[in-house]
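# An overview of the molecular structure
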Amino acid sequence: MSSALREWLDKPQADRGVHLAAEDGGWEYRDYPALASAAKRSAAALIEAGVRPGDVVCVVLPTDFTCIETFFGVWAAGATVCLITPPLFQDGDEYVAHVAAILRQARPALTVASADLAEPIGRALEAAGIGGRPWTPRQADHEADLQPAGELALLQFTSGSSGEPRGVMVTWANLEANRDLIVRTADYQDGDEIASWLPLYHDMGLIGCFLTPVTRQGTLWLMRPDQFIRDPARWVRCFANAAHTAAPPFAYAYAARRIKPEQLEGVDLSGWRTAIVGAEPIDPHALEVFARLVEPYGFSRHSFKPAYGMAETTLLVTADTADRDPLAVRPDPQTLVFGEPVTVLERRPLGPDSLGAKSGWVVGTGTPAPEVPVVIVDDEGRELPPGHLGEIVVGGASACPGYYAGAEGRSTRFADGRVYTGDAGFFHDGQLFVLGRMGDSIKVR
């Protein structure tokens, strides 16, 4: 199987590449010809180690050039990438148990880990009943040709709300469809630059902010999450060049709290066109405090694109693409009953009134695109009219076929080519409003 997502490896553009945040506050840069060559040499080493098309390869590496080259090396070898987070704050035993749970399901042909992670990943391989040592990333002295690819591009592990990790099977067709949806949603033009600090083992960071720009050979400014936490102004300053990003609502609120206006002195943010907001219920207050910080430097709040998505639909489902301020509504909590109409008590676009609008307010995540049909259903799976509260169900080419190795989801289910998300929501004025996991915040009859 071939895919447009791998074409760049054979036709890299010399005038574009990836800027990686360095520890000294500067940036390290590699252009696409250098990255493609390193990826194909990595592929040759992986093939020598026995990796074949269709195999799963688990990769546990920090966000650096070795990680990028290894990722695309696995793709060049025709195999399926499964990225696993390096340890952040977990204690040793908890982390080993988490990785072992993933390895047990993924059954990788090879597990790649940096030398400093060989010990915990070795223990996880042992605990998963696979044994052996992790493979340290390396490159052969020659480039491999692109091998035919298996059916799956990615295994995306999600713990959902039940805690036990499950691997979402993402086919090449799923990924291509979702990348193209992201490109249209963000109005991503050839030559646009993207900046991100999101981790690569999470769907929004991996697909939205890494695979989309790299497979289209757009210039990427990439930081690690800990670098963003230490210096969020560094991320905002990227938008002197970059036009697009995505982040969860807390990141915008955190940046507004931590950044002092003098850190942005002389930065022109007028070219920043898209700030996708997703990954958790969106709080109008968080967006408003950020807008106040950056508006004096040319940022427009029309750039905020509240979005909804999940790993089981590859990533993006809906985003508000209209050129307008995001809309927030306050539903009557008494009317949040499954299968019943929702009464909206107040509605207002993002603006000065949004300060302090936290609990009880929900921000609209846009209107579904025709190729990603979204419906709201009741407990029996019957479609509900607009304005009624129910479960969000997603179809279309981005809807993944299921969990790997027959794993079952507790609240998310796959049936008839659609994803029953386990999330509660309703339509209002054509926009989708998401309330979160069913049962967390909803009275189910």
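Rules used throughout
- Residues numbered from 1 in each chain as written.
- Predicted model: local features only at pLDDT ≥ 70, side-chain atom pairs only at ≥ 80, totals over all residues.
- Heavy atoms only, no water.
- Helix = DSSP H or I, 4+ residues; strand = E, 2+ residues; numbered from the N terminus.
- Rg over C-alpha atoms; globule rule 2.2 N^0.38 Å.
- Buried < 20%, exposed > 50% of the residue type's maximum accessible area, 1.4 Å probe, protein only.
- Axes fitted to C-alpha atoms, helices over the stretch in contact; angles between N-to-C directions.
- Parallel < 35°, antiparallel > 145°, perpendicular 65-115°, else oblique.
- Left-handed = near helix turned anticlockwise from the far one by under 90°.
- Contact = heavy atoms within 4.5 Å.
- Nonpolar A, V, L, I, M, F, W, Y, C, P; charged D, E, K, R; others polar.
- Phe/Tyr/Trp six-rings, centres within 6.5 Å; stacked < 30°, edge-to-face > 60°.
- Core = buried A, V, L, I, M, F, W, Y, C linked by side-chain atoms within 4.5 Å.
- Pairing = 2+ DSSP bridges.
- Right-handed = clockwise from strand over helix to strand, strands pointing away.
- Lys, Arg positive; Asp, Glu negative; His and termini not counted.
- Salt bridge = Lys/Arg side-chain N within 4 Å of Asp/Glu carboxyl O.
- Polar contact = N/O pair within 3.5 Å; in protein donor to acceptor, adjacent residues only side chain to side chain.
- Patch = residues over 30% accessible without salt bridge, like charges linked within 9 Å, V, L, I, M, F, W, Y side chains within 5 Å.
- Areas by Shrake-Rupley, 256 points an atom, 1.4 Å probe, with all protein chains shown as cover.
- Charge placed at Lys NZ, Arg CZ, Asp CG, Glu CD.

Below, the discussion takes up the overall build of the protein. A count of helices and strands for the protein gives 10 helices and 21 strands. The C-alpha radius of gyration of the protein comes to 22 Å, within 12% of the 22 Å expected for a compact globule of 445 residues. Its C-alpha atoms give the protein principal-axis dimensions of about 65 × 55 × 40 Å. By the burial criterion, 59% of the 445 residues in the protein qualify as buried.

What follows is about helix α9 (residues 249-258). α9 sits mainly inside the fold: 7 of its 10 residues count as buried. Within the sequence span of α9, burial applies to P249, A251, Y252, A253, Y254, A255 and A256.

With that settled, the discussion passes to the packing of helix α1 (residues 32-48) against helix α2 (residues 65-76). Their axes nearest at 7 Å, the elements α1 and α2 cross at an angle of 60°. In terms of orientation, α1 lies oblique with respect to α2. As for the relative orientation of α1 and α2, their crossing is right-handed in sense. Within the contact between the two elements, α1 uses L35, A38, A39, S42, A43 and L46 and α2 uses F65, I68, E69, T70, F72, G73, V74 and A76. Classifying every residue of the contact of α1 with α2 gives 10 nonpolar, 3 polar and 1 charged.

On to the packing of α9 against helix α10 (residues 284-294), then. At a minimum axis distance of 8 Å, the contact between α9 and α10 shows a crossing angle of 40°. Taken as axis vectors, α9 and α10 run oblique relative to one another. Where α9 crosses over α10, the two elements pack in a sense that is left-handed. Mapping the contact onto sequence places P249, Y252, A253, A255 and A256 in α9 and A286, L287, V289, F290 and L293 in α10. Among the residues making up the contact of α9 with α10, the classes are represented as 10 nonpolar, no polar and no charged.

Right, let's get into the packing of aromatic side chains. Applying the stated criterion across every chain yields a total of 27 aromatic pairs. When the ring of F72 is compared with that of F210, the centres are 5.8 Å apart and the planes differ by 40°; the resulting orientation is tilted. On the criterion of sequence distance, the pair formed by F72 in helix α2 and F210 in helix α6 (residues 203-215) is long-range, its members being 138 residues apart. Both residues of the pair, F72 and F210, belong to the buried class.

So, about the nonpolar core. When a protein is soluble and globular, its nonpolar side chains tend to lie buried together. Counting 118 residues, the largest nonpolar core has F72, W75 and L154 as the members making the most contacts within it. For L154, the residues in contact, after removing those within four places along its chain, are F71, W75, T80, V81, V168, M169, V170, L175, L206, I207 and L211. Counting 22 residues, the second largest nonpolar core, distinct from the first, contains Y95, V99, L125 and L155.

Bringing the pairing of strand β12 (residues 304-309) into the picture now. In terms of residue burial, β12 counts as a mostly covered element, since 5 of its 6 residues are buried. Strand direction decides the pairing type here: strand β11 (residues 274-277) and β12, joined by 3 bridges, are parallel. When the sheet's bridge partners are listed, A275 is paired in β12 with F304. With α10 bridging β11 and the parallel β12, this β-α-β connection has right-handed handedness. Across 3 bridges, β12 lies against strand β13 (residues 316-319) in antiparallel orientation. Paired with Y308 across the bridge in β13 is T318. In sequence, β12 turns back onto β13 through a hairpin of 6 residues, with T314 there showing a positive phi of about 70°.

Here we come to the environment of P62. Along the chain, P62 falls in the loop between β3 (56-60) and α2. The class for P62 is partly exposed, based on a relative accessible area of 33%. Expressed as a C-alpha distance, the spacing of P62 and P87, which sit 25 residues apart in the sequence, is 9.3 Å. Aside from chain neighbours lying at most four places away, what touches P62 is C67, P86 and S114.

Take the side chain of R166 next. Along the chain, R166 falls in strand β7 (residues 166-171). An unpaired buried charge is present at R166: no salt bridge exists, and E312, the closest side chain of opposite charge, is 4.7 Å distant. Among the polar contacts made by the side chain of R166, one reaches the main-chain carbonyl oxygen of E164 at a distance of 3.2 Å.

All right, on to a positive patch on the surface then. A cluster of basic residues, R257, R258, K260 and K358, forms a positive patch at the surface. Counting through the fold element by element, R258 comes out in helix α9.

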